[in-house]
Structure formats: C-alpha cells, structure tokens
Amino acid sequence: RIHTLFGQKRRKMDPSSSSRARRRVHSLSEQLIPSSMTSSARRRQHFQDVHARESQMPPPSSSSLTTSSEARISTTHAIIERNDALFWKNKEKFTVAVLGAAGGIGQTLSLLLKQSPRIKALRLYDIAPITPGVAVDLSHINTESEVTGYAGPDQLRDALVGCDLVIIPAGIPRKPGMTRDDLFKINAGIVRDLTVGVAKYCPNAILNIISNPVNSTVPIAVEVLKKYNAFDPRKVLGVTKLDVVRAETFVYGLRKDELQRLRKSVSDVTVPVIGGHAGETIIPLLSQMTPKLSKPFEGSELQNLTTRIQNAGTEVVDAKAGAGSATLSMALAAENMATSCLKGLAGESNVIECAYVSSNVIPELPFFASKVKLGVNGVEKVLGLGAMTLFEEQMVKNAIPELRASIEKGVAFAQSS
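Residues numbered from 1 in each chain as written. Predicted model: local features only at pLDDT ≥ 70, side-chain atom pairs only at ≥ 80, totals over all residues. Heavy atoms only, no water.

A few words on the environment of A412. Its place among the elements puts A412 in helix α14 (residues 390-416). In sequence terms A412 and S216 are 196 residues apart; their C-alpha atoms lie 9.9 Å from each other. (Helix = DSSP H or I, 4+ residues; strand = E, 2+ residues; numbered from the N terminus.)

Quick look at the structure:
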C-alpha cells in the first residue's frame, strides 16, 4: 500500500481518492484565504500578512524553482487576486470631481483616476465645451466608476454636490520666462471662483489644489472657505507631490548602482520635500531619504541635486519650448496624492504624504509643506520636519521671506475680491 515515485507499481486509485484530493485542495485554499475572514478589515490584514511574508523571503534562483512549486505560487496568486477583487467590490468607494478636467493636467489625471477601484463616480468639470466629450471618451474604459462631464459655470453645482474629494488643476500653464507669480493674475481668480462652488455645494469635501502658484492659491482657497464658514484646516491641501516624485527619481538616477545592489527600485526610495512649491521654497530633505546610502549627498553634488529638484518645472517648460509645462508628471503626482486621500477617507492606517497645509511647524508662517498623516477627515496630523542638517535648516530660513510674501499676496487677493 505504500507507493513511491520510482521503482514500484502504483496501485489503482480507489473511488474515494478523488474526494480526498478535493479535500486536500480545499484545505490548501483554507490555509491561503481563511473562510472565516468575512470582514474587509480581516481580509485586508491577511493580504498584508501575505505580502510581509513574501517580502522577507530571499529571491529564489531560477534553478531552484520546480514545476510543482511554480504551480503552487501561481495558485496562491490566483486565489489572492480573486479575493482582492471581492474585497474591492465590497469596499467603500467615493465621488471625486476634477475641476479643470479638459486641460493638459486634467485630462491625464482623469484618465488615471478612471482606473481607480476606490472611485464610484468621477465628475469632470471645465469651462471648455469639450468637457462632456472627454467624459464620454473615458466612460468607454472598462472600469466600474461612472464618468460624467460638465461644462460652464451653470453646471458647477451638479459637478460638486455630494463629492468626497475635489481636485483643482484649472488654470493656465507656465510658459518660458514666466514665474509662478506671473500666473497669479489669472489663476488666482479661477481658484477663488471654483472654491466658492466647493464652499456652497460640497463644504465637507477634501480639497486638493494643484493650480499654481500653490504658495498663494492655497491661502486664497482658505480665505474663501472662511467667508462661507466652510473652512476646516484638515481638508485643504496644496499638492506638492510632484516635488517628491522628482526628488525620488533624481536620487535613484544618481545612486542606481548602490540601490540595485540593495535590491531596491525607484519605488522604494522616499525623500521628504518641505517648504512650498516654487523655486527656493522647495526644500528636499535628502538627509532623511530612505533607504540610507553608504555615501550621503555632499558638497557640489548635494547643491546641484537640490537645485535641479527646485528648478525641475523650468526644465520641463524649457524642453517643451513654449508648448506647455509639466502636465503628465503632474497628473501622475496628483493621482498619487488623490489615492492617498481616498485611502485616508477609507480609514486605512499610516497614510503619509507631503503637502502644503495650514500649519504651525514654522511659527511665523500659517502655511507650510511637510509630512502629514491622512485620515477620514483629511489631515489627521502634521508630522513636523524631523532632524535636519545645517544645509537644510539654512534652506528653511531662506525660504521664509518668499513664503510669507506669497501667502500675504494670496490672502490680500481673497479678502479684496
């Protein structure tokens, strides 16, 4: 009755063997995805545990994988993917509006958001008549969120009522020779008017502001919300995520060999960027980057990298030769930020981003970009600046006058209009 793989005749399978095999498969599936996990929280914890165990395993060599082990891995992944789909089917989903959805950032951002399993309704608004057409175009993509388009001020209310998250990329792009302050005359009024709509029609929504100059447009939005008694400091965020994305990309490019030896990809690199979202107010804290490098950035390399991060927007504007500014990378950064806000709204823990928010981390400034923890009400906690080098501390001191002037300019505009 004992049979081996080699050297002995196999006995004929009895009728009950197939049922035993099915029981073994069922037992395996129970080990992989326990049937008792009925709540979304427990399912999510299980997926996190699986990911943690996999991340601790050393990568196998190609010769160590047998056909049977590959099959087991494939089965495991298939079961996890199936249950992940069920998880998202029952997960709370949200309504998101993009104001300025027909522009260079807005269209790409809307495309990225259409693919999010966290969104049930995506509303696109712009003054451009093409906006409903953009919505129809996106509605043909085979994801579950429903897309509708709205064009013109008369339809702003319909675009906003019931929204959980509102993203504002509206405004004109920067052209060669223009500073972000040059955008102020036009974009300030756009942000003011759209924020009035938010205050009236979805005052409890989280507001992500992309329109430049962010150092001034965020104070404008805050003053408008105060006028309508709709201001919650936790719910207004200036999107500075692109500065973080650029910093992480440039760092990886300079330290690629070492990071690859550490088995780290560019997505494993984190660099906090604080201050503001223009020129020298962009302060990358390279001393706080992870993973830690054997050789930190110093001297001319540190100065050159910092300068490139601060001037990266101009680099794109010049490269496009007057045809636009950073739209694609900005759209991706905005989608990343929006996803983090939705994670917070859903109650997920430890969601950390850098954003330009109401803050007292610099006592003389009412707004400052730093790391924040996101939650169900937006910014749950401003995490502060952490330990900085003398070089970084000096950059903060140098940025304060420009930030103060930009904030005061935005506040004065909003209060006078």
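Still to come is the rest of the account.
Take the packing of aromatic side chains next. Each aromatic ring pair is characterised by the separation of its centres together with the angle its planes make. Counted according to the given criterion, the structure contains two aromatic pairs. Here the aromatic rings of F184 and F413 are separated by 5.6 Å at their centres, their planes lie at 80°, and the arrangement is edge-to-face. Here F184, found in helix α7 (residues 184-201), pairs with F413, found in helix α14; they are 229 residues apart in sequence, far enough to count as distant. Overall, F184 belongs to the buried group, its relative accessible area being 7%. (Phe/Tyr/Trp six-rings, centres within 6.5 Å; stacked < 30°, edge-to-face > 60°. Buried < 20%, exposed > 50% of the residue type's maximum accessible area, 1.4 Å probe, protein only.)

Of the volumes computed, that of the second largest pocket is approximately 740 Å³. As for the second largest pocket, its lining consists of 43 residues, of which P169, A170, G171, I172 and S211 are closest to the centre. Taken together, the elements giving at least two residues each to the lining of the second largest pocket come down to α4 (104-114), β2 (119-126), α6 (156-160), α7, α9 (241-254) and α12 (312-319). Sort the elements by how many residues they give to the lining of the second largest pocket and α7 lands first, with eight residues. In terms of residue class, the lining of the second largest pocket is built from 21 nonpolar, 14 polar and eight charged. (1 Å grid on protein atoms, 1.4 Å probe; cavity = no way out; pocket = protein on both sides within 12 Å on 5 of 7 lines; lining within 4 Å. Points joined across faces, edges and corners; volume = space filled by probe spheres on them. Nonpolar A, V, L, I, M, F, W, Y, C, P; charged D, E, K, R; others polar.)

For the rest of this paragraph, the subject is the packing of α9 against helix α11 (residues 299-310). Viewed as axis vectors pointing N to C, α9 and α11 meet at an angle of 145°, and their least axial separation amounts to 9 Å. Of the two elements, α9 crosses α11, and the hand of that crossing is right-handed. Along its contact with α9, which presents D243, A247, F250, V251 and L254, the element α11 presents L305, R308 and I309. Looking at side-chain class alone, the contact of α9 with α11 contains six nonpolar, no polar and two charged residues. (Axes fitted to C-alpha atoms, helices over the stretch in contact; angles between N-to-C directions. Left-handed = near helix turned anticlockwise from the far one by under 90°. Contact = heavy atoms within 4.5 Å.)

Inspection of α4 places I105, G106, L109, S110, L113 and K114 among the buried residues, and these make up the whole buried set. On an axial view of α4, the arc spanned by its buried residues comes to 155°, and they lie on one face. Residues of α4 that are buried make contact with β1 (94-99), β2, α5 (131-139), β3 (146-151), β4 (165-168) and α13 (328-345). (Arc of directions from axis to C-beta.)

So, about the pattern of salt bridges. The tally for this structure, following the rule as stated, stands at ten salt bridges. The partner of E348 in a salt bridge is R118, with the nearest N and O atoms 2.8 Å apart. In this pair, E348 sits in the loop between α13 and β9 (351-358) while R118 sits in the loop between α4 and β2, placing the two residues 230 residues apart along the sequence. Across the pair, exposure class does not vary: E348 and R118 are buried alike. Across the pair R255 and E301 runs a salt bridge whose closest N-O atoms are separated by 2.9 Å. (Salt bridge = Lys/Arg side-chain N within 4 Å of Asp/Glu carboxyl O.)

Turning next to the packing of α4 against α5. Axes are the key here: two packed helices are described by the angle between their axes and the distance separating the axes. At a minimum axis distance of 10 Å, the contact between α4 and α5 shows a crossing angle of 30°. It follows from the interaxial angle that α4 and α5 lie roughly parallel. Regarding α4 and α5, the two cross each other, and that crossing is right-handed. Residues Q107, S110, L111 and K114 of α4 form the contact with α5, whose own contacting residues are V134, L138 and S139. Along the lines of polarity and charge, the residues of the contact of α4 with α5 split into three nonpolar, three polar and one charged. (Parallel < 35°, antiparallel > 145°, perpendicular 65-115°, else oblique.)

Residue alternation in strand β5 (residues 206-209) divides its side chains into two sets, I206 and N208 and L207 and I209, and both sets are buried. Pairing between β4 and β5: four bridges, direction parallel. Of the residues in β5, the one forming a bridge with L165 is I206. For the segment spanning β5, helix α8 (residues 214-227) and strand β6 (residues 236-238), crossover handedness is right-handed. (Pairing = 2+ DSSP bridges. Right-handed = clockwise from strand over helix to strand, strands pointing away.)

Okay, empty space enclosed by the protein next. Going through the model one piece at a time under the given rule, you end up with one cavity of 30 Å³ or more. The calculated volume of the largest cavity comes to roughly 60 Å³. Around the largest cavity sit V198, P203, A205, L207, L225, A230, D232, K235 and V236, which together line it.

On to unusual backbone geometry, then. A cis amide bond links N212 to the next residue, P213, at an omega of 0°. In the segment running from T290 into P291, the intervening peptide bond is cis, with an omega of 0°. Tracing the backbone through its elements, the reader meets P291 in the loop between β8 (282-284) and α11. Here the phi dihedral of A321 falls at roughly 50°; this positive angle occurs in a residue that is not glycine. In this structure, A321 sits in the loop between α12 and α13. Here N350, not a glycine, exhibits a phi torsion of approximately 55°, which is positive. Structurally, the position occupied by N350 is in the loop between α13 and β9.

Attention now goes to the confidence of the model for the protein. For the protein, mean pLDDT is 86; residues scoring 70 or higher make up 77% of the total. Within the model, pLDDT remains below 50 along residues 15-19, and this stretch shows one contact once partners closer than five positions in the same chain are excluded. Here residues 60-66 is modelled with pLDDT under 50, and outside its nearest four sequence neighbours on either side it reaches three contacts, counting other chains as well. (pLDDT = per-residue confidence, 0-100.)

In this model, α14 (27 residues) spans 40 Å end to end at C-alpha, consistent with the 39 Å of a helix rising 1.5 Å per residue. Taken together, the buried positions of α14 are E392, M395, V396, A399, I400, L403, S406, I407, G410, V411 and A414. (Expected span 1.5 Å × (residues − 1).)

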